[in-house]
Amino acid sequence: MMTATCIPDHYRAIEVELPVNAVLHLWLKAVTPEEPGAVSLYSANGKFGEVQASNAEENSFRIYQVFGGGTVTLAYDMAVTSLSVAYWFTPSDVLETGITVIHTNPSNEPPDLPYGYHFRPPFGWMNDPNGFGRFGGRPHLFYQHYSHGRIWNNMHWGHAVSSDYLRWRHLPVFLFPSEELTVRPDKRGGAFSGSAIARTDGPGIRVFFTEKIAERMPEQEIQLTATSTDLFSAGAAEVFLPRRPDGEGLTFDFRDPYVFRSPDGLWKMLLGSQSGTGGVVLLYQTEDNTAAAGWAYVGKLYTETRYQTSALECPCLLPMDGDYRDPATRWALIYGLMNGEDKETGRHNLTMIDIGWFDGRSFAKSFGRELDFGTDNYAFQAFVDGNTPVGIGWLGNWADTGPTVDFPSAMTLPRTLVLEGDTLLTPPIGAAESLRARMLDRTRLASGQLIELPNGAAEITFELSEAGGAFRLEFDHPDIRLAVAQHEEGLEILYGYLDRPEEPPGPRYLAKAAGARRLRVFLDYGSLEVFADGGRVAGTKRIAGFDPVRAARLVAEPGVVVNATVWSLRL
């Protein structure tokens, strides 16, 4: 190439081989206000393009299409320009091939976890799942995302597509913060959580999301909608709900639209908020078959008073055991208790799931429980895939993170939701068995021996001779005291730091009176997930850092453990 003679010596150069009609997505900003930032593009014939950014406060998003393809070099002066993220894709096959990331910075690069099997973003921060559904024949996952660091900031929507809910291809960033936030980096907010439906007026999807701009008056949070015909890029967003309902005494919290079909055939929408009596789920409806407009307030669908929560977040309502039009079908109402606390155990931000009947205007609860006793399964979003309810959650908790915490995180294992009479099961999706790469043991763990785990990604299953049998599954981790135990109080995840013996005890991750007999435990870099009796009880705990669990030992009285098996896992 001739680029060696074209590019100044002090420039940083990134060489990449691009196909014809490749599209580059670049985020850059000026290092100082005095001189605009710029990234130049070179081929064998010399410089052929340039993108610029004059804002020294916030990363500017730029698109560049390379029609001819071939070997291309991106070059920039690091004294003048900061390049945060660069990736490329070809629009004609991006749903099959995904994006190719060619540059990140140390502040936003993903952890190197070669055997990890939980979904993680290709760069930057991630929290709530959004727009979870099957579109164009494939499962799609959108998520709350900040591209330029592993710390919460102005929200985008990241995006990925899969064939089995486990093996994901990363797609271009889907939604961006508004221009008002781009030019005013002192403000915070962005494209907050929401949902997606298949369009009724053409190909593609319609997404619904909350736009937040802190300190905007009179509404900090308003509801927007946008469409996508190609399933990977969003059109211009439009406001469809500009204000909270009058007369309900709501706080500024007004977010996370979840749109779905109702038994009366209308589109309905849930939104989370807070009133003087507690956190609330609000219900809206529209007679517009496209769901684009005409939304009218119906009333408060649910009010939470038990846990002194602030806003209810990420509400979700879906049919569980029949067609949504059948009055006999039971529905699941799922919601997060933002800032709520279980005083007895010290756990914060629980996620609840209630089962009952929904007639289009009211929800009659039959029974309910915590979705996850470990609490690190937050903002859980679900939909009915064919006849099977499927959901996924953020493997995190706001009690452990915040706007100043470096927190590279993951999504939980996807889970199915099953009703067996009046028992709710939330087991991992059936495809999780395809993660089993190699059987490590089927006799020694049951006899109390230490089983070494070669990479920390493992599945352990065991059965007890009777429900509620006492055991302690102990894990060897370099920094964390970690175990799963069943005792007279229930099933518990034990968690603490090895180097902080004098620290007051933290929350108790306890499922009281669980009476478990069959256990299934998933370990990965930075996480532990427990499923008892087919998901009758589930517990998720994020493990600080990414050091793997090195070994496991199962301690129990003779005759308590009937059998146990250990698999090494990988995608």
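In the block above lies the structure referred to throughout.
Okay, so let's go over this structure.

Reading guide: rules and limits
- Residues numbered from 1 in each chain as written.
- Predicted model: local features only at pLDDT ≥ 70, side-chain atom pairs only at ≥ 80, totals over all residues.
- Heavy atoms only, no water.
- Helix = DSSP H or I, 4+ residues; strand = E, 2+ residues; numbered from the N terminus.
- Rg over C-alpha atoms; globule rule 2.2 N^0.38 Å.
- Buried < 20%, exposed > 50% of the residue type's maximum accessible area, 1.4 Å probe, protein only.
- Contact = heavy atoms within 4.5 Å.
- Lys, Arg positive; Asp, Glu negative; His and termini not counted.
- Charge placed at Lys NZ, Arg CZ, Asp CG, Glu CD.
- 1 Å grid on protein atoms, 1.4 Å probe; cavity = no way out; pocket = protein on both sides within 12 Å on 5 of 7 lines; lining within 4 Å.
- Points joined across faces, edges and corners; volume = space filled by probe spheres on them.
- Nonpolar A, V, L, I, M, F, W, Y, C, P; charged D, E, K, R; others polar.
- Pairing = 2+ DSSP bridges.
- Axes fitted to C-alpha atoms, helices over the stretch in contact; angles between N-to-C directions.

1. Points about the overall build of the protein chain
Of regular secondary structure, the protein chain possesses three helices and 44 strands. The globule rule puts the C-alpha radius of gyration for 571 residues at 25 Å, and the 25 Å found for the protein chain is close to it. By principal-axis analysis of the C-alpha atoms, the protein chain measures approximately 75 × 60 × 45 Å. The buried share of the protein chain, taken over its 571 residues, is 59%. Partitioning the intrachain contacts of the protein chain with sequence separation of at least 6 by distance along the chain shows that 61% fall at a separation of at least 24. Separation of charge centres in the protein chain, based on 50 positive and 70 negative side chains, amounts to 3 Å.

2. Quick notes on the environment of Arg518
Looking at the element boundaries, Arg518 is found in strand S40 (residues 518–524). Overall, the relative accessible area of 44% leaves Arg518 in the partly exposed class. Sequence-wise, Arg518 and Ile213 are 305 residues apart; in three dimensions their C-alpha atoms are separated by 47 Å. Apart from residues lying up to four places away in sequence, Arg518 is in contact with Phe462, Glu463, Phe531, Ala532, Asp533 and Gly534.

3. Some thoughts on the layout of surface pockets
Each pocket or cavity is described by its volume, and for the largest pocket that value is around 810 Å³. The wall of the largest pocket is formed by 37 residues, among which Tyr495, Gly496, Tyr497, Tyr509 and Lys541 lie closest to the centre. Of all the secondary structure elements, the ones that give two or more residues to the lining of the largest pocket are strand S24 (347–348), strand S36 (471–476), strand S37 (480–486), strand S38 (490–497) and strand S42 (537–542). At six residues, S38 tops the list of elements feeding residues into the lining of the largest pocket. Its residues assigned to classes, the lining of the largest pocket shows 17 nonpolar, seven polar and 13 charged.

4. What to know about the sheet that holds strand S8 (residues 100–103)
Across the sheet, four strands lie side by side as S5-S2-S7-S8; this open sheet has antiparallel pairing. Sheet topology places strand S5 (60–66) and S8 at the edges, where each strand pairs with a single neighbour. Across the sheet, the mean angle from the axis of one strand to that of its neighbour is 20°, orientation sign disregarded. Here strand S2 (residues 22–30) runs beside S5; their pairing, made up of seven bridges, is antiparallel.

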